[in-house]
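Structural description and commentary
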Amino acid sequence: MKIGFIGLGVMGSRMAKRIHKAGYDLTVFDVMEDSIREFKKLGVAIGNSPGDVAAESNVVLMSLPNSQVVTDVILGENGVFHKAKPGTILIDLSSITPKIIRDIYKKTSQKGIEILDAPVSGGSTGAETGTLTIMVGGKREILDKVMPILKVLGKTIYHVGDIGAGDTIKLVNNLLLGANMAAIAEALTLGAKAGLDPEVMFEVITNSSGNSYALEAKYPKFISQGNFEPGFMIDLQYKDLQLAVDTAKDLNLPLIIGNITQQIYEVAKAEGLGQKDISSVIQLYERWSDITVRKEK
């Protein structure tokens, strides 16, 4: 089976390397020459365009930054759609709006090209170690065909429904992640300002009803150490919150907490934290309170 991979950023490069190491016949493409250079050294075939990758592949995986780029890569000039053969399977590992991937599928299905929307969770570490959680929308029988490939990338793979369902559950998950992280930053700063030891707060909360994945993942290695290198960037969290806000608008659903949370991350972006880990949102509260929430050294 010939595999194509388009988008060799932080996540995509790690996933593509795992596919290469698993022994698949791989062709890759990225607009950034630096990303491609690394794969040339590994002896991986390089496509000249997304369409060229599709022409050489039975399955094409994509890890791209937003809905517009996904649309352009698939349907644009020199895109996947124009050169992919009928029967080709596209696996979009990006996080985009459910409506966009459904609209794309309406066009690709006319040519016999199948799509799975399969956003991932687990960050760069999960991508490197093959322990991602992958949430897949699309036909079950198509998922079964590519399951061996996805198992190279992820430890836990869920079939969550029809096309678009993967992107939907990802935006729901990341809405909660973003809101939890903002709430943690606010709560820990409140406690520290009132005189509590952050380490004591962490121990008590992780054994109480206020515990969350965000607290356990982001306090010990990030906040307590003053280490805010990503991880999962503020810019990406903001983008995922926008997906949730846009989808809620399509469904005529007020998203009160989601909108407030997005504004917090917008402030963080404005303060120059966009490329930092989402845990760096606590730096806003630290500035406002004139304290730092850190483990004593």
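The notes below deal with the structure included here. Everything numeric in this text was worked out from a predicted model, so none of it was measured.

Calculation criteria
- Residue positions are counted from 1 within each chain, in the order its sequence is given.
- Where totals are concerned, whole chains, interfaces and linings use all residues; where local detail is concerned, this predicted model gives features only for residues with pLDDT of at least 70, and gives and counts side-chain atom pairs only at 80 or more.
- With hydrogens and water excluded, all non-hydrogen atoms of the structure serve as input to the side-chain values.
- A pocket, in this scheme, is an open set of points on a 1 Å grid over the protein atoms alone with protein on both sides within 12 Å along at least 5 of 7 lines, while a cavity is a set where a 1.4 Å probe fits but cannot get out; residues line either one if an atom lies within 4 Å of a point.
- Grid points are joined across faces, edges and corners, and a volume is the space filled by probe spheres set on the points.
- Labels follow the DSSP assignment, with helices taken as runs of H or I lasting at least four residues and strands as runs of E lasting at least two, numbered in each case from the N terminus.
- By the convention adopted, Pro, Cys, Tyr, Trp, Phe, Met, Ile, Leu, Val and Ala count as nonpolar, Lys, Arg, Asp and Glu as charged, and the other residues, Gly among them, as polar.
- Pairing of aromatic side chains here covers Phe, Tyr and the six-membered ring of Trp, requires ring centres within 6.5 Å, and sorts the geometry by plane angle: under 30 degrees stacked, over 60 edge-to-face, intermediate tilted.
- Exposure categories follow from relative accessible area, calculated using a 1.4 Å probe and restricted to protein chains: below 20% of the type maximum is buried, above 50% is exposed, and the middle band is partly exposed.
- Counted charges follow a simple rule, with Lys and Arg positive, Asp and Glu negative, and His plus the chain ends left uncounted.
- One side-chain nitrogen of Lys or Arg within 4 Å of one carboxyl oxygen of Asp or Glu is enough to make a salt bridge.
- In protein, a polar contact means a hydrogen-donor-capable atom and an acceptor-capable atom, both N or O and within 3.5 Å, with residues adjacent in sequence counting only if both atoms are side-chain atoms; elsewhere, any N or O pair within 3.5 Å suffices.
- Contacts are residue-level and defined by heavy atoms, with any inter-residue pair within 4.5 Å sufficient.
- Note on handedness: a clockwise path from strand one over the helix to strand two, with the strands aimed away from the viewer, defines a right-handed crossover.

1. Overview of the layout of surface pockets
The calculated volume of the largest pocket comes to roughly 1500 Å³. Forming the walls of the largest pocket are 49 residues, and the residues nearest its centre are M11, G123, S124, F232 and L236. Elements represented by at least two residues in the lining of the largest pocket include exactly α1 (10-21), α4 (67-75), β7 (120-121), α7 (123-129), α9 (165-193), α11 (213-223) and α12 (234-250). In terms of residue class, the lining of the largest pocket is made up of 25 nonpolar, 18 polar and six charged.

2. A closer look at the packing of aromatic side chains
One pair of aromatic rings is described through two measures. These are the centre distance and the angle between the planes. Inspection of the entire model under this criterion finds two aromatic pairs. Plain terms: the ring middles of F202 and Y219 are 5.0 Å apart, the flat faces sit at 25° to each other, and that makes the pair stacked. In this pair, F202 sits in helix α10 (residues 198-206) while Y219 sits in helix α11, placing the two residues 17 residues apart along the sequence. You'll find F202 and Y219 in the same group, each marked buried. Plain terms: the ring middles of Y285 and W288 are 5.0 Å apart, the flat faces sit at 75° to each other, and that makes the pair edge-to-face.

3. What about the side chain of D30?
Locating D30 in the fold gives a position in the loop between β2 (25-29) and α2 (33-41). In this structure, D30 is buried with no salt-bridge partner, the nearest side chain bearing the opposite charge being R37 at 11 Å. A distance of 2.7 Å separates a polar atom in the side chain of D30 from the backbone nitrogen of M32. With residues up to four places along the chain from it excluded, the contact list for D30 reads G7, L8, G9, S35 and I36.

4. Some remarks on the pairing of strand β6 (residues 114-117)
Looking down a regular strand, the side chains alternate between one sheet face and the other. The alternating pattern of β6 places E114 and L116 and I115 and D117 on opposite faces, both of which are buried. Following the chain from strand β5 (residues 89-92) across helix α6 (residues 98-108) to the adjacent parallel β6, one finds a crossover that is right-handed.

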